[in-house]
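Examination of the molecular architecture
Take a look at the letters that make up each chain.
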Amino acid sequence: MNIVILAGSNRKNATSTRLAEYTAEMIQGQGHEAILFNLYEKPLPFYAPDEKQETDENLADLTATMLAADAIILSTPEYHGSISGVLKNALDHLSQAHFSGKPVLSISSAGGAVGVSSLTQLQTMVRNLHGINAPEWISIGGAQRRRFEATFDGYEEYEGSQDIEERVQRVLGSFLNLAQTLTSARKAL
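All of these numbers come straight from a predicted model, not from anything done at the bench.

Time to look at the overall build of the chain. Tallying secondary structure elements over the chain gives six helices and eight strands in all. For the chain, the sequential pattern of α-helices and β-strands runs β-α-β-α-β-α-α-β-α-β-β-β-β-α. When the 189 residues of the chain are sorted by exposure, 47% land in the buried category. At a minimum sequence separation of 6, the contacts of the chain that also span at least 24 residues come to 76%. Summing over all exposed atoms, the chain offers an accessible surface of approximately 9,200 Å²; the carbon and sulfur share of this is 50%.

In C-alpha cells:
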C-alpha cells in the first residue's frame, strides 16, 4: 500500500512532524510505502481559487502524491484549539478526488494535555472530502511530547514513552488493517 503522511506544521522541529516521521518508520517496517510530505520543507502558496497555481512545483507534487495514495495520515500541531494554518491551506488546495473512499488517520501534538479539538476538525474536513475516517486517532500532549522531541542522540526517552509507542503502534495497526481492507475492495471494483 502507498500511504501519504501530510505533516502540517510550519516549524522546523515540530513534535507533530516527529510523530509523523515515527509513523512513517512504523509503516515502512511493516512493508508498506510511506511518503512524508512535510509542509515546512515544501511550503505551498496561499489558496486563491481565482488564481491559477498549477505552476507551483510543491503544489503539483502534493496533488500528484495525494492522488496516488491508497491511504492518508494528516498530522497537525494544535494551535488555539484548531489545526495549523499551513495544513488548512494544503487541504483547501485538495478536493474529493484526493480523498474519496480513502481511509484517513488524524494525528496531533498539543502543548496541553491532548489535541482533541484539532482532531475533531480534521475528521469533519475528511468527511466533507468524502474520505473515510479511521475510528481512532493519535494525540500526544504535555509530557508525552518529550518522546518525539529531537535530541542529538535521536529521541528523548522518559518514563511512560513505551506506553505512547505501544498506543501509536496499536492505532497504526488498526489503521493499516482498515486501509488494506478498503484498498482491496476498491481494487476489486
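Resuming the write-up.
Next up on the list: the nonpolar core. Judged by nonpolar contacts, the single largest core of 24 residues is most densely connected at Ile27, Ile73, Leu105 and Phe175. Taken together, the elements giving at least two residues each to this core come down to β1 (2–7), α1 (15–29), β3 (71–77), β4 (103–110), β6 (138–141) and α6 (161–188). Among the elements that line this core, the one with the most residues is α6, at seven residues. Residues in contact with Ile27, not counting those within four places in the same chain, are Ile3, Ile5, His32, Glu33, Ala34, Ile73, Leu172 and Leu176. Ala69, Leu74, Leu91 and Phe99 belong to the second largest nonpolar core, which has 21 residues in total.

Applying the stated criterion across every chain yields a total of five salt bridges. One salt bridge connects Lys88 with Asp92, and the closest N-O pair in it is separated by 2.5 Å. Of this pair, Lys88 and Asp92 both sit in helix α3 (residues 85–93), four residues apart, which is roughly one turn of that helix. Looking at Lys88, the relative accessible area reads 35%, which means it is partly exposed. When its relative accessible area of 27% is taken as the criterion, Asp92 is described as partly exposed. In this structure, Arg170 engages Glu136 in a salt bridge whose closest nitrogen and oxygen atoms are separated by 2.5 Å.

Secondary-structure assignment places Pro135 in the loop between β5 (132–133) and β6. Spatially, the C-alpha atoms of Pro135 and Val171 are 9.2 Å apart, while their sequence positions differ by 36 residues.

This brings us to the pairing of β3. Counted residue by residue, β3 has seven buried out of seven residues, so it is predominantly covered. On β3, burial covers both faces: Ala71, Ile73, Ser75 and Pro77 on one face and Ile72, Leu74 and Thr76 on the other are all buried. Here β1 runs beside β3; their pairing, made up of five bridges, is parallel. Of the residues in β3, the one forming a bridge with Val4 is Ile72.

Excluding glycine, a negative phi dihedral is what most residues carry, and trans is how most peptide bonds are arranged. Unusually for a residue other than glycine, His80 sits at a positive phi of about 50°. If you trace the backbone, His80 turns up in the loop between β3 and α3. Located in the positive-phi region is His130, a residue other than glycine, with phi close to 70°.

With six of six residues buried, β1 is to be regarded as a mostly interior element. A crossover links β1 with its parallel partner strand β2 (residues 33–38), the connecting element being α1, and its sense is right-handed.

Overall, the predicted model of the chain reaches an average pLDDT of 88, with 86% of residues at or above 70. Confidence drops under pLDDT 50 across residues 151–155; counting only partners more than four residues distant or on other chains, this segment forms seven contacts.

Checked against the element boundaries, Met1 lands in the segment before β1. Sequence-wise, Met1 and Ala69 are 68 residues apart; in three dimensions their C-alpha atoms are separated by 8.1 Å. Aside from chain neighbours lying at most four places away, what touches Met1 is His32, Glu33, Asp70, Leu176, Ala179, Gln180 and Thr183.

Calculation criteria
- All residue numbers refer to positions counted from 1 along the written sequence of the respective chain.
- With pLDDT at 70 or above as the cut-off, local features in this predicted model cover only qualifying residues; side-chain atom pairs require 80 or more to be listed or tallied, and sums for whole chains, interfaces and linings still use all residues.
- Computation of side-chain values covers all heavy atoms of the structure but excludes hydrogens and water.
- Think of it this way: any DSSP run of H or I at least four residues long counts as a helix, any run of E at least two long counts as a strand, and we number them from the N terminus.
- Three exposure classes are used, based on accessible area relative to the maximum for each residue type with a 1.4 Å probe and protein chains only: buried under 20%, partly exposed in between, and exposed over 50%.
- Residue contacts follow a heavy-atom distance rule, with two residues in contact if any of their heavy atoms lie within 4.5 Å.
- A 1.4 Å probe and the Shrake-Rupley method give the accessible areas. Residues count as covered only by the protein chains that appear here.
- Put simply, buried Ala, Val, Leu, Ile, Met, Phe, Trp, Tyr and Cys residues joined by side-chain atoms within 4.5 Å make one nonpolar core.
- Throughout this description, the term salt bridge denotes a Lys or Arg side-chain nitrogen within 4 Å of a carboxyl oxygen of Asp or Glu.
- In short, DSSP must find at least two bridges between two strands for them to pair.
- Whether a crossover is right-handed depends on one test, that the path from the first strand over the helix to the second runs clockwise when the strands point away from the viewer.
- Per residue, pLDDT measures the predictor's confidence, with a range of 0 to 100.

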